[in-house]
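Results of the structural survey
Listed below are the residues making up each chain.
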Amino acid sequence: MKFYGELLVFVLLLITNLRVFFVQQVRRDPLVVLAPFTFIVAIFQILAWGIDAFTTLGLFIALFVLLSNFHAIFRYIERLYIDHYSPLMKVWAVFTIAVSAVALAATIYFAPVESNKRILKISRNQTYYKGSFRSGFEEAGALAPKSMSLWEFSPEEVAQGSRDIIVLLAPDKRADTVNYVPYLEQLAQRGITACSADFYADDGLWLHSIGDSKILRRLIMVTHSELNRQAFEAQLEYYSYNVSQEFEVLIPLLRSRYGADKRILLVSDFMADIAAEDLAKKNPDIIAGVLKLSEIEGYKTPGYGCIEQTDPLLAVAMGFRRDKTLATPTLLAEKTQEMLKQVQHDNQPDKSDVSKTVEVLNDLK
């Protein structure tokens, strides 16, 4: 959806500026209303998806186009007519057309690799919650402020016993769940139920600044990590405390959702590694095991998710390419499936012990 919103913004900008060259006679200019409309769409893009290169570029171009068309908007509101635009306006239009065209081409070139969930035969649900770590979380209505979103990926037809162990992904904050979607879809395609959650509660602070807001957090986390990786990694213990808070909310929520008899396989990606290990040690009856994605050989972008599919521009900036083959999501899903098989095997009673028990029972008879 983010990609299509970006396309819409840049296409509207092209139409808004191209209209300047097609005023051939005295008439009103109704297409000028696209300038404020495009600016509003660009704002909603940022509110929905956060700040990145394309949403920011779209907002700035839309703002400048809106300001340059202010006089034309005023004339349209006052029902005045126009027969031509000035040479200066046409020069400005050429510039903004060129920038918008380049931005549109870049958006298409760096488009995320998307898959059709109908073809994959999987189900993807997202449930929103309101609240905080202090007061607790509850499902949010359509207009309520949202501080947590729970994602669930599962096969369309859930096989018997396939939900004995639920996979819970603890995403790195440089990625958030949206950048692990190809991996989670691969799990669901393999018949595995997988969940992940993103928290934006006002008492779940990571940066202790405006950077904790939904639209800025990932950008600042990525920037901080790339500019000073040593300082970023030195805060792992603090990250662990925050992730532990999230686990305290998610584990009871998943057990109430799927059943208290279900066990959970924790999948962590760098920032959540320590918290996942600690939780597994304290709750071996609930936590079936821990899989650290950052330790999987072949996972090129630990902490960033599957950006070769979800954020090709960032992938290129880090020295990687857009990948349509889904090599990384497939690798991570295979390793997760192997881990699940191992956990399920370890939990099965030893056959020799079972036969001995049967023999003892027969002797007693």
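Residues numbered from 1 in each chain as written. Predicted model: local features only at pLDDT ≥ 70, side-chain atom pairs only at ≥ 80, totals over all residues. Heavy atoms only, no water.

**Thoughts on the pairing of strand E3 (residues 148-155)**
Filter applied, for reference: Each residue is assigned to one of three classes by its accessible area relative to the maximum for its type, calculated with a 1.4 Å probe on protein chains only: buried under 20%, partly exposed between the two thresholds, exposed over 50%. Comment: elements are numbered from the N terminus, with helices defined as DSSP H or I runs of at least four residues and strands as E runs of at least two. Paired strands, in this sense, are two strands between which DSSP finds at least two bridges.
Taking burial as the measure, the eight residues of E3 include eight buried ones, the bulk of the element. On E3, burial covers both faces: Met148, Leu150, Glu152 and Ser154 on one face and Ser149, Trp151, Phe153 and Pro155 on the other are all buried. Sheet topology note: the strand E1 (residues 122-132)/E3 ladder contains eight bridges and is antiparallel. Bridge pairing links Arg124 to Phe153 in E3. In this structure, E3 lies alongside strand E5 (residues 194-199), joined through six bridges in antiparallel fashion. Looking across to E5, one finds that Trp151 is bridged to Ser196.

**A look at helix H11 (residues 273-282)**
Put simply, the rule is: Throughout, the arc means the angular range of directions from the helix axis out to the C-beta atoms. Should any heavy atoms of two residues lie within 4.5 Å, those residues are counted as being in contact.
Of all the positions in H11, only Asp273, Ala275, Ala276, Leu279 and Ala280 are classed as buried. Buried positions in H11, seen along its axis, are confined to an arc of 165 degrees and lie on one side of it. Structural note: H11 exposes Lys281 and Lys282 on the side pointing more than 90 degrees away from its buried face. In this structure, the buried residues of H11 make contact with helix H10 (236-258), strand E6 (263-268) and strand E7 (287-292).

**Considerations on the packing of helix H1 (residues 2-18) against helix H2 (residues 34-49)**
Just so we agree on the cut-off: Simply put, an axis is a line fit to the C-alpha atoms, just over the touching stretch for a helix, and the angle between two N-to-C directions goes from 0 to 180 degrees. Orientation is classified from the angle alone, with under 35 degrees giving roughly parallel, over 145 giving roughly antiparallel, 65 to 115 giving roughly perpendicular, and any other angle giving oblique. Here a crossing is taken to be left-handed if its near helix is turned anticlockwise relative to the far helix by less than a right angle, and right-handed if that turn runs clockwise. Note on residue classes: Ala, Val, Leu, Ile, Met, Phe, Trp, Tyr, Cys and Pro are nonpolar, Asp, Glu, Lys and Arg are charged, and everything else, Gly too, is polar.
Following both chains from N to C, one finds H1 and H2 inclined at 160 degrees, their axes separated by 10 Å at the closest point. Regarding the angle of H1 to H2, the classification is roughly antiparallel. By crossing handedness, the relation of H1 to H2 is classed as left-handed. Contacts from Lys2, Gly5, Glu6, Leu8, Val9, Leu12, Leu13, Ile15 and Thr16 of H1 reach H2 at Leu34, Ala35, Phe37, Thr38, Val41, Ala42, Gln45 and Trp49. For the contact of H1 with H2, the residue count by class is eleven nonpolar, four polar and two charged.

**Brief notes about the pattern of salt bridges**
Let me state the cut-off plainly: The rule for a salt bridge is simple: a side-chain nitrogen of Lys or Arg has to be within 4 Å of a carboxyl oxygen of Asp or Glu.
This model, assessed by the stated rule, comprises 15 salt bridges. Lys2 serves as the salt-bridge partner of Asp52, at 2.6 Å between the closest nitrogen and oxygen. Within this pair, whereas Asp52 is found in the loop between H2 and helix H3 (53-68), its partner Lys2 is found in helix H1, the two being separated by 50 residues in sequence. Notably, a salt bridge pairs Glu233 with Arg229, separated by 4.0 Å at the nearest N-O pair.

**Remarks on the packing of aromatic side chains**
Between two aromatic rings, the relevant description is the distance of the centres plus the angle of the planes. Definition in use: Stacked, edge-to-face and tilted are the three classes for Phe, Tyr and Trp ring pairs, Trp counted by its six-membered ring, which pair at centre distances within 6.5 Å; planes under 30 degrees apart are stacked, over 60 edge-to-face, the rest tilted.
Scanning the model with the defined rule gives ten aromatic pairs in all. With 5.2 Å between their ring centres and 65 degrees between their planes, Phe3 and Tyr4 make a pair best called edge-to-face. Overall, the relative accessible area of 13% leaves Phe3 in the buried class. Taking 5.6 Å as the distance between ring centres and 80 degrees as the angle between the ring planes, the aromatic pair formed by Phe137 and Phe199 counts as edge-to-face. A residue pair is termed long-range when its members are at least 10 positions apart, and Phe137 in strand E2 (residues 136-139) and Phe199 in strand E5 qualify at 62 residues. There is no split in this pair, since Phe137 and Phe199 are both buried.

**Considerations on the nonpolar core**
What counts is decided by this rule: We define a nonpolar core as any set of buried Ala, Val, Leu, Ile, Met, Phe, Trp, Tyr and Cys residues linked to one another through side-chain atoms lying within 4.5 Å.
Ranked by size, the top nonpolar core spans 34 residues in total, and within it Met148, Leu150, Leu168, Phe247, Ile251, Leu266 and Ile287 carry the most contacts. Take this core: its biggest share by element is eight residues, from H10. Discounting chain neighbours no more than four positions away, the residues touching Leu168 are Cys195, Ser196, Phe247, Leu250, Ile251, Leu254, Ile264, Leu265, Leu266 and Val267. By size, the runner-up hydrophobic cluster in this structure holds 30 residues, among which are Ile192, Cys306, Leu331 and Leu340.

**Observations concerning the confidence of the model for the protein chain**
Regions with low pLDDT carry predicted coordinates that are not meant to be interpreted in detail. We count it as follows: A residue's pLDDT is the predictor's confidence in that residue, given on a scale from 0 to 100.
Residues with a pLDDT of 70 or more make up 90% of the protein chain, whose mean pLDDT is 88. A low-confidence stretch, residues 351-358 stays under pLDDT 50, and its non-local contacts, those more than four residues away or across chains, total one contact.

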